[in-house]
Amino acid sequence: MHNEKIVLAVDLDGTLVHNDENEIHPRDIEILRAGLPFPLILATGRSLASTRYPFEKNGLLDGQPLPYPLVLNNGALLFSPNEEPEAVFPFADEVAAEMIRIASGYKDATFLLQSIPEVYQLGETESGLRAVRKYGYAPIRYRPGQGAVPLTKLMVLSDRRQDLDAMAAAFAHLPVEGIYSLNDIYELSPVGVNKGEGLKRLLDILGWSDVKLIAVGDGENDASMFSLADYSFAPLNGRDYIREMADSVIDPRLDGLLAPILERIY
């Protein structure tokens, strides 16, 4: 592939960010500091502030904006390099209002209402607060009677699968798309909004529609990227079906994520 224009789209949690401490492998930090030989797009379910968090923690930012194109909130928010906003795909107002109403009546999970650019918290559970801290969120408390917000994604946080399943059932009648992105998160997005569609739209915006797209991810919300990509990688810790979808499976524990990908591409 070395004679073709390549773009690399990489998931964060469980992929480039390899543990609950938001650590990036030292070899990956070295490569990111030196610069890749092709553009890197970050594709994640996180908000902008949460996406910045692991890069700041690992010394890759010093107050400056992220230099990469971004597909955030699983495709609902698109940015060109240096955090320049390009497009937003929110829920319809009436759908957002109904989602908030349903979430307000459930007390066994914590909800993050990802807005533009704020993130609001609804409910408070111990496991939910752990997840909030783990992913580097600093949400604003959502107050009863506050009304609808321009909602781009709703996250259900719980370490009990029965809570996530209960919320999946409660929202099933709405025109939304739901996925279990991680063991402690169920995510809801507008219909037609996912990482793959977000990548496609952003590539068009950037004028990169003719590139060879390499996608890397570990979970359910990465499947749409794999369907779009010309070649895909999954880390060894990825979900079984994602590893089966991938063209190659790599073990990033020794030499990180990016070095093995570079070796296989070149």
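1. Comments concerning the environment of lysine 153
By the secondary structure assignment, lysine 153 is in strand β9 (residues 153-157). A relative accessible area of 0% means that lysine 153 is categorised as buried. For the pair lysine 153 and leucine 203, spaced 50 residues apart in sequence, the C-alpha to C-alpha distance is 22 Å. If we ignore the near neighbours within four places in the chain, the residues touching lysine 153 are Gly45, Arg46, Asn73, Asn74, Phe91, Leu112, Leu113, Gln114, Glu187, Leu188 and Ser189. In this structure the side chain of lysine 153 is engaged in a polar contact, spanning 2.4 Å, whose partner is the backbone oxygen of glycine 45. Within polar-contact distance, the side chain of lysine 153 engages the side chain of glutamate 187 at 2.7 Å.

2. With respect to the sheet that holds strand β13 (residues 231-235)
Strands sit in the order β5-β4-β3-β2-β1-β12-β13-β14 across an open sheet of 8 strands; the sheet is mixed. With one partner strand each, in any of the chains shown, β5 (84-88) and β14 (248-250) form the two edges of the open sheet. Taken over all neighbouring pairs, the strand axes of this sheet differ in orientation by 20 degrees on average, direction set aside. Pairing of strand β2 (residues 40-43) with strand β3 (residues 70-72) involves 2 bridges; the strand directions are parallel.

3. Here's the deal with the confidence of the model for the protein
For the protein, the average pLDDT comes to 93, and 98% of its residues sit at 70 or higher. Per-element confidence in the protein is highest for β2, whose mean pLDDT is 98, and lowest for strand β10 (residues 176-182), whose mean pLDDT is 89.

Rules of the game
- Residues numbered from 1 in each chain as written.
- Predicted model: local features only at pLDDT ≥ 70, side-chain atom pairs only at ≥ 80, totals over all residues.
- Heavy atoms only, no water.
- Helix = DSSP H or I, 4+ residues; strand = E, 2+ residues; numbered from the N terminus.
- Buried < 20%, exposed > 50% of the residue type's maximum accessible area, 1.4 Å probe, protein only.
- Contact = heavy atoms within 4.5 Å.
- Polar contact = N/O pair within 3.5 Å; in protein donor to acceptor, adjacent residues only side chain to side chain.
- Pairing = 2+ DSSP bridges.
- Axes fitted to C-alpha atoms, helices over the stretch in contact; angles between N-to-C directions.
- pLDDT = per-residue confidence, 0-100.

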